[in-house]
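# Report on the structure
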Amino acid sequence: MADAADFQGTSASPARRWLRRTGALLAGAPLLAGLLQLPAAAPADAAVQESPQAASGAGSVSVSVDSLTPSVPTEGDTVTVSGTVTNHGKQAVTDAHVDLRVGPQVDTRSSIDTLAKKSDDIQGPLGEEVGGKYTEKFPTLTPGVEEPFAISVPVDELDLGGDGVYQLGVTLSGETAAQPWDRILGIQRTFLPWQPEEAGTKTRTTFLWPLVSASHMAAETGSNEQQTPVFRDEELAKEISPGGRLDQMVSLGKDLDVTWVVDPDLLASVDAMTRSYEVRAADGTTTPGRNQKLANTWLTELQQAVAGKEVVALPFGDPDLASLAHNGTRVTGSLSHLKEATDVIDDTVETILHVKPDTDFAWPVDGAIDPSIVKVATSAGADKVIARGDSLQDNLSYTPSAARPIGGGTTAVVADARMSTPFQADLTKPSASTLAVQRFLAQSLTLGLQTGKQRSVVVAPPRMPTVSQAQAMAEALAALQGGNWSESQDLADAAKAKPDPAANTKVPPASDYPRDLRRQELGQDAFEQIARTQGKLDKFKVILTIQSRVVTPFGRAMNREMSTSWRGRGVAAMGYRSDIESYLDGLIGGVRLIKKTETKLSGRSATIPVTVQNNLVQGVEHLELRLTSQNPTRLKIGDDPYEEQPVAVNGGHSQSVKFTTSANANGQAKVVAQLYTEDGRPYGDPVAFDVRVTEVTPTVMLVIGGGFLLLVLAGFRMYTQRKRAAARETAEPEETAEPEQAAGDPQETAGAPQNPHTAGDRLAEETTAGSRAGAPEQPSDPAPDTAAESADPSGTGERVDR
């Protein structure tokens, strides 16, 4: 075992190695005697119990390097390594000591990756022990107990050679009761970049600093004039609060030379929080938001941070270009949403940040591209696509510059995968963060030493870094910008750099698109639902008097439905889309026809009222109401089976529209009312109701005819009476002069026919003449044979003209 330890890199003195071997022999004597009495498998079992992690190459003691400062040392610096050691075995470790070991120079980028993956493998190369006073000792390491350590050593004591990257190992050695000799029980490797002098040719490095978040705003807005926005939750407030993810991105990025990559939706959302806003609770109710001050502070700090810096703006909502290319293009109208999301960039970013953004770049998820993604990415006006080296791979012994012409006037700006991916891991543990920082720096320096020619490199970290990832990114970038082999460069300049003629410019086929990314995409059903919502919005907006109150919030909401933030969150994405469609359905249903019960008509013609209700805040117009008779032979609407009338209703009001009808026969007829837009498309649900027609009956006609006949007879009687009276007045003088003749008139003989009414008539005439003796008679005065006309309403059953 001692030989094995020496072989693994323990550079102990010859005397010390002799003592170790002698001790091993003495300790092995009783063990050898025991082996003769035990089955052959017993020692193996004991070894497994002693070192449960041996099978994986890790030791029984874990070593964590939580800090290495400075990350990039120069001449005269003192390197300090601190961390913890933890005994995971079942026995205590005695005479334990932590040592620093400087391994051989790592001269290839692939070797850095390999070493990073096996950073705790005790079977790998260990390097030379620094030794001397640069060690830390522990009398005992109790199982399960974590012990801190810190070792500082002048960089001169590390015996570093020429420029390059060196392996720096931290080992824990000690003894156990079962194996009482000094051996390495755990190791943690990291990287130490060494470039003490200014490089003759520096690498130009562009570091993207993304400000992207998930979708937080709903399509719903308040009914007031300001249209108070509604947020789905308060998660955005947490992100911009002190210590939050977006707060850290701004506070860390303001002192770095980075290219800010922003989603206009994030800016618009925080800007909306600076004024009155509502937050929806789980039960659907809303409460006033109270983070206006917080939003104002964050926006102010961001404006100061980006002043004078390059700002690249993504389309509004950061649409998932790969999902659009693979699934959205099958649905009509999907690409139009990408165009709309691009068109609103300038108004949003420039208005809020007061800087002119660059809108020429598209950024697919993880920089993975294929021909369809490039086509979609450039369809809205971008002519540069941010790809990644593991998608557009090169078969070269060095790393070429980022810019690649890929045809059609499009440039692929290829981010370096080895410098971008270290920050994608879980960096909540300090040891993981430190390793990521040193790995990034090691890759950068090794790349710079490859050819001696100046190249442009782009780093594209995670789209939405966590707090720990952001802190690691800032630490790594600050160290890089303080080093001697790199200088900062804007993304636009990197895209303009002269391409390497040997670099790969062939876009990989769709079959090479990573399967894990394809599984996270929005499916075709998502784009079909978006298209359905857009169709409803198109029909709805034509009737509105103020279309922008609805079109703008719903348009931005549908941009958010396509966001890359929904990747891996299919259920949440579906819920968000359904909420938006349901809310739009509710608004559309706010303009509707009031249902009617059976209507009765008596007579041949009448009017039927149909009521349109508008529950919206704004008025509606450009609507037509059509009333159609399903049985036009019995009931006509106007002169045709149907009639249309224009409709305009103020917000919060109702309007009744009257239609003239004519009945041809008694009975029941079905009538359907339907709203239409001016272009002839139905709006809302139809309302059907029955109309019962009751025409004028024969009995009623007989009564009316009898009354008319009586009036005619009464008029005729009045006429005859007046005529007789006039005749008697003419004959009266003759009767007075010849009374005998009158008495002896042959017609008055007993044998002649006697008119029974003559005496009575004369008596009436005499009575009338006697009553008028005191006043002159007027021949035109009518006899009072009808009562005075009544002013009371007509009685029941009388015909009313309609």
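The element strand β17 (residues 384-388) is largely enclosed, with a buried count of five among its five residues. Covered by surrounding structure in β17 are Lys384, Ile386 and Arg388 together with Val385 and Ala387, the residues of both alternating faces. Pairing analysis gives two bridges linking strand β16 (residues 361-362) to β17, with the strands arranged parallel. Note that in β17 the partner of Ala362 across the bridge is Val385. With helix α12 (residues 371-379) bridging β16 and its parallel neighbour β17, the resulting β-α-β unit is right-handed. Pairing geometry for β17 and strand β19 (residues 410-415), over five bridges, is parallel. The partner of Arg388 across the bridge, within β19, is Ala415.

Read from one edge to the other, the open sheet built from four strands follows the order β10-β11-β13-β14, with strand pairing classed as mixed. Among the strands making up the open sheet, the edge pair consists of β10 (217-221) and β14 (286-288). Across the sheet, the mean angle from the axis of one strand to that of its neighbour is 35°, orientation sign disregarded. Inspection of the sheet shows β10 paired to strand β11 (residues 229-231) by two bridges, in the antiparallel sense. Note on β11: the bridge partner recorded for Thr221 is Pro229. This element, helix α20 (residues 570-588), spans β10 and β13 (278-280) of the sheet and lies at about 10° to β10.

Residues of helix α4 (residues 109-117) that are buried include every one of Arg109, Ile112, Asp113, Leu115 and Ala116, and no others. Within α4, the buried residues cover an arc of 170° as seen down the axis, which keeps them to one side. Taken together, the buried residues of α4 touch β3 (93-106), β7 (164-175), β8 (183-194), α13 (417-420) and α14 (430-448).

Pairing geometry for strand β24 (residues 605-614) and strand β28 (residues 654-663), over nine bridges, is antiparallel. For Pro609, the partnering residue across the bridge sits in β28 and is Lys658. Here three bridges tie strand β26 (residues 635-637) to β28, and the two strands are oriented antiparallel to one another. If you follow Lys636 over to β28, its bridge partner there is Ser662.

Time to look at the packing of aromatic side chains. Within this structure, the stated rule accounts for seven aromatic pairs. The interplanar angle of 50° and the centroid separation of 5.4 Å between the aromatic rings of Phe423 and Phe440 together place this pair among those described as tilted. You can see Phe423 sitting in the loop between α13 and α14 and its partner Phe440 sitting in helix α14, a full 17 residues away along the chain. With respect to burial, Phe423 and Phe440 carry one shared label: buried. Here Arg463 stacks its cationic end above the ring of Trp363, 4.4 Å away from the centre of that ring. The aromatic ring of Phe689 is capped on one face by Lys596, whose charged end is 5.4 Å from the ring centroid.

Before going further, it helps to spend a moment on a nonpolar patch on the surface. Judged by side-chain polarity, Leu709, Leu710, Val712 and Leu713 come together as a nonpolar surface patch covering roughly 390 Å² of accessible area. Topologically, Leu709 is positioned in helix α21 (residues 698-737).

What follows is about the sheet that holds strand β1 (residues 61-69). Strand order in the open sheet made by the three strands is β1-β2-β6, with antiparallel pairing throughout. Here the strands that pair on one side only, and so sit at the sheet edges, are β1 and β6 (146-154). Averaged over neighbouring strand pairs, the angle between their axes works out to 20° when direction is ignored. Pairing geometry for β1 and strand β2 (residues 78-87), over eight bridges, is antiparallel. Paired with Val61 across the two strands is Asn87, which belongs to β2.

All chains considered together, the criterion is met by five cavities of 30 Å³ or more. Reported here for the largest cavity is a volume of approximately 90 Å³. Residue lining of the largest cavity: 14 residues in total, with Pro315, Thr342, Phe361, Ala377 and Ala382 positioned closest to the centre. Classifying every residue of the lining of the largest cavity by side-chain character gives eleven nonpolar, three polar and no charged. Volume-wise, the second largest cavity comes out at about 60 Å³.

Time to look at the confidence of the model for the chain. Considering every residue of the chain, the mean pLDDT works out to 84; 82% of them sit at 70 or more. Here residues 1-56 is modelled with pLDDT under 50, and outside its nearest four sequence neighbours on either side it reaches 41 contacts, counting other chains as well. Scored below 50 in pLDDT, residues 734-802 shows 16 contacts in the model against residues more than four places distant or in partner chains.

Membership of the largest hydrophobic core comes to 74 residues, with the highest contact counts inside it found for Phe540 and Leu625. With six residues, the single largest contributor to this core is α20. When near neighbours in sequence (up to four residues on either side) are disregarded, Leu625 contacts Leu593, Val610, Val612, Glu643, Glu644, Gln645, Val647, Val657, Phe659, Ala673, Gln674 and Leu675. With 65 residues, the next largest nonpolar core counts Leu211, Ile240, Val270 and Leu477 among its residues.

Here is what the cut-offs are and how they apply
- Residues numbered from 1 in each chain as written.
- Predicted model: local features only at pLDDT ≥ 70, side-chain atom pairs only at ≥ 80, totals over all residues.
- Heavy atoms only, no water.
- Buried < 20%, exposed > 50% of the residue type's maximum accessible area, 1.4 Å probe, protein only.
- Helix = DSSP H or I, 4+ residues; strand = E, 2+ residues; numbered from the N terminus.
- Pairing = 2+ DSSP bridges.
- Right-handed = clockwise from strand over helix to strand, strands pointing away.
- Axes fitted to C-alpha atoms, helices over the stretch in contact; angles between N-to-C directions.
- Contact = heavy atoms within 4.5 Å.
- Arc of directions from axis to C-beta.
- Phe/Tyr/Trp six-rings, centres within 6.5 Å; stacked < 30°, edge-to-face > 60°.
- Lys NZ or Arg CZ within 6 Å of the ring centre and 35° of its normal.
- Patch = residues over 30% accessible without salt bridge, like charges linked within 9 Å, V, L, I, M, F, W, Y side chains within 5 Å.
- Areas by Shrake-Rupley, 256 points an atom, 1.4 Å probe, with all protein chains shown as cover.
- Salt bridge = Lys/Arg side-chain N within 4 Å of Asp/Glu carboxyl O.
- 1 Å grid on protein atoms, 1.4 Å probe; cavity = no way out; pocket = protein on both sides within 12 Å on 5 of 7 lines; lining within 4 Å.
- Points joined across faces, edges and corners; volume = space filled by probe spheres on them.
- Nonpolar A, V, L, I, M, F, W, Y, C, P; charged D, E, K, R; others polar.
- pLDDT = per-residue confidence, 0-100.
- Core = buried A, V, L, I, M, F, W, Y, C linked by side-chain atoms within 4.5 Å.

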